[in-house]
Amino acid sequence: MDSFRIQGGRRLAGRIQIEGSKNAALPLMAAALCTDGELTLRNVPCLSDISNMGRLLRTLGVEMDGDCGTVRMRVADPNQVHAHYDIVKTMRASICVLGPMLARRRRVSIAMPGGCAFGSRPIDLHLRGMQALGAKIELNGGDIIATAPEGLKGATIFLGGPNGSTVLGTANVMTAATLAKGRTVIECAACEPEVVDLALLLNKMGARIQGAGGPRLVIDGVESLGSADHTVIPDRIVAGTYAVAAAVTNGDVTLEEFPIDCMMSVVDRFNEIGVHLQVVDGFDDLMHATVRVTSDRTLRPTTITTQPHPGFPTDLQAQFMTLLCLANGNSIITEKIYPERFMHVAELARMGAEIHRQGPTCVISGGAPLKGAPVMASDLRASASLVLAGLVAEGTTEVSRIYHLDRGYTRMEEQLNVLGASIERVRQTAGSPAGEPAMASSEG
Ligand code: EPU
């Protein structure tokens, strides 16, 4: 299992480009199941989660040309209806195939995703949405069997849960409704930019979706969907992570393809802390801007609460915790999406961070210098926060289990090294050491 060896204390400078969004690309790929036409996706990032989705789609009868970059997909065998546990357990986002399969094939059997590193992660809202559209849902041998022999029917559906809207749940119900009879209204829909990107693709395929980006979606069902060619939006979480990398090293970094238009809550917190994001090019299309990141010498503490979009994203909570370890004074982070998503806290403490957690809230007493240490990654964004800490820590930090990072960042070490970091990928070739899981966890 590979690890990163990071020599801390180097100031980052230079220019890199932000890759396509993983969380946008996964449901976009699943949309290939909804049409007999060809779906061409561009700017698909080269990540293990994307390969896993490709693997799943192939087992469901989709022919694919390309694994990332430009990917062409077409259904060759519409009779496959079983999403097996061995793939689903590698990636929670496999649930994305539920809506497309039910809409087009009227039957799907998909292994129930388990819990993950940061909580129980239920899928009740996905299932409620499908039932509202007329599907019958059963659980058998750990598989969800969803059927709608007469096809789906439009309905009015409320998709809010205890922690707000659901991103993939909205993607699933919205996609299923494109082929349902009549009108579907989704209330408390997720407003995330990844949902907007999916609605854009589906409309290119012939769907009739209105309201994407807001909490009420209106979808008028159509008979069938056709071919489309679509470019995936840049990844706002990768953009935010590399902006934090610039900030923790007091660097001067320019990031191309920066989707600042959908990152106002993040820009707002950066400003409070003393990190400056300046648009230097691409003013006419702020989803693809070029942004220069610089920071004040002294960083200020702040308060962050994660929320559904357009609030502060949970997927940047861990990275901002590392940043706030460097601010002068006490900061507070409250996690309102996944109250257990704090696997990074104990590892940051091993590097000298002073963080006190009580339930979903952490108080970060910033200012103590971080010191290099061996630390262990436990999920994707926690891993990113440890790499960021390693960039600024005194001495050497070794982050193990970086397969988590490869799920969501394309060759992160190469990107950061271009900017002047010193990160070596230490390859472990002779199998997993004792006690290491043979399998990636599935939190995405
Ligand atoms: N929830 C329910 N019932 C459901 C579904 C969700 O109660 O049926 C709850 C969840 O437990 C959570 C909240 O609703 O408290 C929001 O979860 P959501 O369904 O929005 O999460 P998701 O769609 O499964 C996506 C991203 C996650 C990201 C979340 C929140 C993908 C592939 N994954 O997950 O990304 O954290 O939205 O923004 O799009 C990551 O990239 O590191 C990652 C975990």
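Residues numbered from 1 in each chain as written. Predicted model: local features only at pLDDT ≥ 70, side-chain atom pairs only at ≥ 80, totals over all residues. Heavy atoms only, no water.

A closer look at the overall build of the chain
And step 1. The helix and strand tally for the chain stands at 14 helices and 24 strands.
And step 2. What you see for the chain is a C-alpha radius of gyration of 21 Å, in line with the 22 Å of a compact globule of 444 residues.
And step 3. Restricting the contact set of the chain to residue pairs at least 6 apart, pairs at least 24 apart contribute 75%.
And step 4. Summing over all exposed atoms, the chain offers an accessible surface of approximately 16500 Å²; the carbon and sulfur share of this is 48%.
And step 5. Across the chain, the centroid of the 41 positively charged side chains sits 3 Å from that of the 46 negatively charged ones. (Helix = DSSP H or I, 4+ residues; strand = E, 2+ residues; numbered from the N terminus. Rg over C-alpha atoms; globule rule 2.2 N^0.38 Å. Contact = heavy atoms within 4.5 Å. Areas by Shrake-Rupley, 256 points an atom, 1.4 Å probe, with all protein chains shown as cover. Lys, Arg positive; Asp, Glu negative; His and termini not counted. Charge placed at Lys NZ, Arg CZ, Asp CG, Glu CD.)

Some points on the domain arrangement of the chain
And step 1. Considered domain by domain, the chain is made up of domain 1 (3-19 + 234-426) and domain 2 (22-231).
And step 2. Relative placement of domain 1 and domain 2: their C-alpha centres are 30 Å apart.
And step 3. Listed by partner, the interface residues are 23 residues for domain 1 and 18 residues for domain 2.
And step 4. Overall, the association of domain 1 and domain 2 removes approximately 1700 Å² of surface from exposure, summing both partners, and the carbon and sulfur fraction of that is 52%.
And step 5. Area buried by domain 1 at its contact with domain 2 is led by His309, Tyr338 and Arg407, which between them contribute 30% of it.
And step 6. Seen at the junction of domain 1 and domain 2, the total is two salt bridges.
And step 7. Ionic pairing is found between Asp49 and Arg407, a salt bridge with its closest N-O pair at 2.9 Å.
And step 8. Our count for the domain 1 to domain 2 interface comes out at eight residue pairs in polar contact (both at pLDDT 80 or more).
And step 9. Each residue belonging to the side of domain 1 that touches domain 2 can be placed in one class, and the counts come to eight nonpolar, four polar and eleven charged. (Domains from an automatic or database assignment. Buried area = accessible area lost by both parts, 1.4 Å probe. Salt bridge = Lys/Arg side-chain N within 4 Å of Asp/Glu carboxyl O. Polar contact = N/O pair within 3.5 Å; in protein donor to acceptor, adjacent residues only side chain to side chain. Nonpolar A, V, L, I, M, F, W, Y, C, P; charged D, E, K, R; others polar.)

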